[in-house]
Amino acid sequence: MRMGRCSWLATSVDFRFVGLATTTRGVKAASLALNATLPTSIAKEEKFSEYKIHINGDANPSVAGSGKYFEGEKEEFKNEEWKERMETWKTRQEKRGLVTKSGDGGHDKDDDDDFLIAEARQPLWRKVPIPSRLINPYRIVIVVRFIILCFFFHFRILTPAYDAYPLWVISVICEIWFGLSWILDQFPKWCPINRETYLDRLSLRFEREGEPDRLSPVDFFVSTVDPLKEPPIITANTVLSILSVDYPTEKVSCYVSDDGASMLLFDTLSETSEFARRWVPFCKKYNAEPRAPEFYFSEKIDYLKDKVQPTFVKDRRAMKREYEEFKVRINALVAKAQKKPEEGWVYLGSEGALDIEGKELPKLVYVSREKRPGYLHHKKAGAMNALVRVSAVLTNAPFILNLDCDHYLNNSKAVREAMCFLMDPQVGKKLCYVQFPQRFDGIDRHDRYANRNVVFFDINMKGLDGIQGPVYVGTGCVFNRQALYGYDPPASEKRPKMTCDCWPNWCCCCCGGSRKSKAKKKGLKSLLGLGGLYSKKKKMMGKQYTRKSSGPAFDLEEIEEGLEGYDELEKSSLMSQKNFEKRFGMSPVFVASTLKEDGGLPEGTNSTSLVKEAIHVISCGYEEKTEWGKEIGWIYGSITEDILTGFKMHCRGWRSVYCSPKRPAFKGSAPINLSDRLHQVLRWALGSVEIFLSRHCPLWYAYGGKLKWLERLAYINTIVYPFTSIALLAYCTLPAVCLLTGKFIVPTLNNLASIWFIALFLSIIATGILELRWSGVSIEDWWRNEQFWVIGGVSAHLFAVFQGLLKVLAGVDTNFTVTSKTADDNEFGELYLFKWTTLLIPPTTLIILNMVGVVAGVSEAINNGYGSWGPLFGKLFFAFWVIVHLYPFLKGLMGRQNRTPTIVVLWSILLASIFSLVWVRIDPFLPKQTGPILKQCGVEC
């Protein structure tokens, strides 16, 4: 098959490795196998029809395996721990008068059973509020700081500096903007909370001995674009960590989206599936953590600790040797992939859906959607929506976990952590997603460019969790599939009103309607076989839509038959099902899957229909004239589709939950190089500007809806923060101007004004200290965050504002750049690597200007004597504030050899010189002479 620029899903490999294919020249079905034997080889497109396509139904869960966690409950604890838990439970029951004290002080098997039953009835999670001794002083200081800020602005506005009026005006405008930004950032952190989960209770409740496993299935989404910037070995490790997750095998499906249509990635997944047959049983046998082999074998810990199996050392060495061979094969694929054979790609599959121990392995599905010139593909958001549709047709799990290709499962029980919330009978149905914090590997010890983002994930996100839930950050998130379909959350149940039979049947106010009408509707449902189809109504975007909990998938045209003899209201209720095709697209199988709240495939489907539908729903024209990307799925309109998607869900009334287990659930890689880090921040800021200039801007969108006002403040902060760069750039330039001209933005202070300045300064320090106390964030992480706020503000955020305005107002599009994921063995090697970018010019210019200003100010003070040092102190403090915040940027410019690239120095000196010369030429602070210049002659007249 000759390959042009195509988007394809090729063939099956190993254990249920699924392939679908669509090309730019038409939609072409490749061989697809689920739970079946793989075809021998595929060499030409014409031979595709010769192979049979097999798709089996849902695998029957093993009854013996379903009680694994129930039987092993006591094994998770030591004997002393188990006895302590039992004694605590018995003491609590005795206080309630539910049991009597035993005479011998021991406990028998019945006590154990009673304890397990009682434990299973307990909540799966609980909210842990911040202790009042920590949070109350924090709130008091916030209020005090707000009051001080008001008095400070009152003084600044009513006390202008007439000798430096333009500088004073600029400084006041900047300070007011900073004050508003602080309010938007601070008040959503008013009610921070923590949460803790109980995984043992989850197992006791849904994995009971002798009963089928009742944990909900989960579809994993992994997205990748360019295998050269995102090395295949990194994607392979992510996939291996998913396939070996601590979750029932038959409930796990992994979908990999290759938006670059790369044969390299497909072959990599083929090798990955083969290696997983050995890696997965090893992880589950020895409870290995993490379950990404690259990071498991590179951990510098004592791997013999707590390993009692005598075969562990031997198996570990053998597995490490096999992984090294696996890496060699992947590297060989990378070298071979640089050349494409003219005769086309040929793939040779192998048999197997089981691991080396004969146990079933999860599904692995490779997806690459169709792309054609002239169609909008919407980048990552479009790829994720294609995965939503493909997964709905093939497996249709009720929950979806999406990961970037460089984020692996660091905690094999992460899915169980999320299920403690999503399967909770009280709040689970009202949750749109569970967001996990992002943690990173390979970052330098001092975290020079604040890559860990600890302040955001450990302070801001916990604050939002106490309101309506955290924002969606693009990865490490478990979704409720129904929330992605644009449905509203279920309404709270109301108590039924009292009715009686003492009034006539025509009185609908009391009796609730005609019995004849009810019987007629019931008969209609029985006639059509749709008994469970209209059990529950839900609103979707202001309209009424009905949903079914289970039942066969019907052709919507067949439902129309047999409606004669019924009134228009009943007919319109049934015919509204046709609207689903207009909203979700022309796929009956997919439409039927959207109506199944608990997931699962519609009854009556066969392998041929599923294959056709899976290929059909990833075609480039499927989303035309539908609401995909508008109200359904990942929302289009911004390169930061994550913020927009979560915002739409919260506007509908959904809640989200922030889950931060002790062992990080996921870990990824971050760009530690200065230029790559700035480009990453530029992309995020550009997406925020796009949302600000769209109809979905939180400043005016969905008022009167279900979005809480503190949550709205947080979303407003996420889209206006790039505009702070304009004020920040001006404010960082003011110290140099003041030092060069001898002017200052503040007039001579009296005692009262000095008090307000000192009080504001102390309140800022107190807020930071108390915030660190309740959050547990280190002062170093907090300081790095403050420094990079200035570095990113005067560089990436500034460029994002202008690029966003050009894109939205002038139609000048900006190319999306994928952040490189390094696979270099040289630890922190990229930290000192310099890459030229125009983003480096503004911060470098600011550093040079302020350093020149400091030298000029000190020189003038030395020449003028002791009396000039007092006014100079405030200006120097102002300039040093800028230089200290830009210090990590300065270190990044120096590199390993402490040398700044010549081009950066030349550009910065040129800009600084031009600015200084222009300032000298048009100095607004010199008195304007209208007559002859008069000078003192020195002679007493």
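Heads up: these notes are all about the structure in this document. Keep in mind the model is a prediction, meaning the values are calculated, not measured. (Residues numbered from 1 in each chain as written. Predicted model: local features only at pLDDT ≥ 70, side-chain atom pairs only at ≥ 80, totals over all residues. Heavy atoms only, no water.)

What follows concerns the sheet that holds strand β12 (residues 408-409). The 3 strands are arranged β12-β19-β14 in an open sheet whose pairing can be described as mixed. Of all the strands in the sheet, the pair left with one neighbour each is β12 and β14 (439-441). Where β14 meets strand β19 (residues 666-669), 3 bridges bridge the pair, whose relative direction is parallel. Following the sheet pairing, Arg439 is matched in β19 by Lys667. (Pairing = 2+ DSSP bridges. Helix = DSSP H or I, 4+ residues; strand = E, 2+ residues; numbered from the N terminus.)

This part covers the side chain of Ser775. Tracing the backbone through its elements, the reader meets Ser775 in helix α27 (residues 751-775). What makes Ser775 buried here is its relative accessible area of 11%. Within polar-contact distance, the side chain of Ser775 engages the backbone nitrogen of Val777 at 3.3 Å. Residues in contact with Ser775, not counting those within four places in the same chain, are Asp458, Ile459 and Lys462. (Buried < 20%, exposed > 50% of the residue type's maximum accessible area, 1.4 Å probe, protein only. Polar contact = N/O pair within 3.5 Å; in protein donor to acceptor, adjacent residues only side chain to side chain. Contact = heavy atoms within 4.5 Å.)

The subject of this paragraph is the nonpolar core. Judged by nonpolar contacts, the single largest core of 89 residues is most densely connected at Phe479 and Phe584. Residues in contact with Phe479, not counting those within four places in the same chain, are Pro398, Phe399, Ile400, Asn402, Cys432, Tyr433, Tyr472, Leu484, Trp634 and Met649. Listed in part, the 65 residues of the second largest apolar core include Ile242, Phe275, Tyr286 and Val415. (Core = buried A, V, L, I, M, F, W, Y, C linked by side-chain atoms within 4.5 Å.)

Angle between the axes and distance between the axes are the two parameters that describe a pair of packed helices. Look at helix α23 (residues 641-651) against helix α25 (residues 709-720): their axes get within 12 Å of each other, and the N-to-C directions meet at 160°. Here α23 is positioned roughly antiparallel relative to α25, judged by the angle of their axes. Considering the relative orientation of α23 and α25, their crossing is left-handed. Of the residues in α25, those touching α23 at Ile643, Gly646, Phe647 and His650 are Glu711, Tyr715 and Thr718. Taken together, the residues of the contact of α23 with α25 sort by class into 3 nonpolar, 3 polar and 1 charged. (Axes fitted to C-alpha atoms, helices over the stretch in contact; angles between N-to-C directions. Parallel < 35°, antiparallel > 145°, perpendicular 65-115°, else oblique. Left-handed = near helix turned anticlockwise from the far one by under 90°. Nonpolar A, V, L, I, M, F, W, Y, C, P; charged D, E, K, R; others polar.)

Once that is clear, we can look at the packing of aromatic side chains. Using the criterion set out here, one finds 44 aromatic pairs in the structure. On the basis of an interplanar angle of 55° and a centroid distance of 4.7 Å, the ring pair of Phe692 and Phe723 is categorised as tilted. Taken together, the residues Phe692 in helix α24 (residues 674-692) and Phe723 in the loop between α25 and α26 (724-741) connect sequence positions 31 residues apart. Classification of Phe723 by relative accessible area gives buried; the value is 16%. For the ring pair Tyr731 and Phe878, a centre distance of 5.1 Å and an interplane angle of 65° mean the geometry is edge-to-face. With Tyr731 in helix α26 and Phe878 in helix α31 (residues 869-885), this pair connects stretches of sequence that are 147 residues apart. For the pair shown, Tyr731 and Phe878 are each scored as buried. What links up through ring pairs into an aromatic cluster is the set Phe275, Trp279, Phe282, Tyr286, Tyr296, Phe297, Phe312, Tyr323 and Phe326. Here the basic side chain of Arg201 rests over the ring of Tyr198, its NZ or CZ set 4.0 Å away from the ring centre. (Phe/Tyr/Trp six-rings, centres within 6.5 Å; stacked < 30°, edge-to-face > 60°. Lys NZ or Arg CZ within 6 Å of the ring centre and 35° of its normal.)

A separate point is a nonpolar patch on the surface. A cluster of nonpolar residues, Ile758, Phe761, Leu762, Ile765, Ile769 and Phe877, forms a patch on the protein surface that exposes about 600 Å² of accessible area. Its place among the elements puts Ile769 in helix α27. By relative accessible area, which is 49% here, Ile769 ends up partly exposed. (Patch = residues over 30% accessible without salt bridge, like charges linked within 9 Å, V, L, I, M, F, W, Y side chains within 5 Å. Areas by Shrake-Rupley, 256 points an atom, 1.4 Å probe, with all protein chains shown as cover. Salt bridge = Lys/Arg side-chain N within 4 Å of Asp/Glu carboxyl O.)

We now examine the pattern of salt bridges. A complete count under the given rule lists 32 salt bridges for this structure. The closest approach of N and O atoms between Arg126 and Glu196, which form a salt bridge, is 2.5 Å. Placement of Arg126 in strand β5 (residues 125-129) and of Glu196 in strand β6 (residues 193-197) is noted, with a sequence separation of 70 residues between them. If you follow the salt bridges from partner to partner, you end up with Glu207, Asp246, Lys413 and Arg416 in one network.

In this section: the packing of helix α30 (residues 841-864) against α31. The contact between α30 and α31 brings their axes to 10 Å, and the two run at 165°. Classed by the angle they form, the pair α30 and α31 counts as roughly antiparallel. In this structure, α30 meets α31 at a crossing whose hand is left-handed. In contact with Asn850, Met851, Val854, Gly857, Val858, Ala861 and Ile862 of α30, α31 contributes Trp869, Leu872, Leu876, Ala879, Phe880, Val882 and Ile883. For the contact of α30 with α31, the residue count by class is 12 nonpolar, 2 polar and no charged.

The next point concerns unusual backbone geometry. The step from Glu289 to Pro290 runs through a cis peptide bond, and the omega angle for that step is -10°. Positionally, Pro290 belongs in the loop between α9 (263-286) and α10 (293-298). One non-glycine residue, Lys379, lies in positive phi territory at about 50°. The phi dihedral of Ala702 is positive, around 60°, even though this residue is not glycine. With respect to the secondary-structure elements, Ala702 resides in the loop between α24 and α25.

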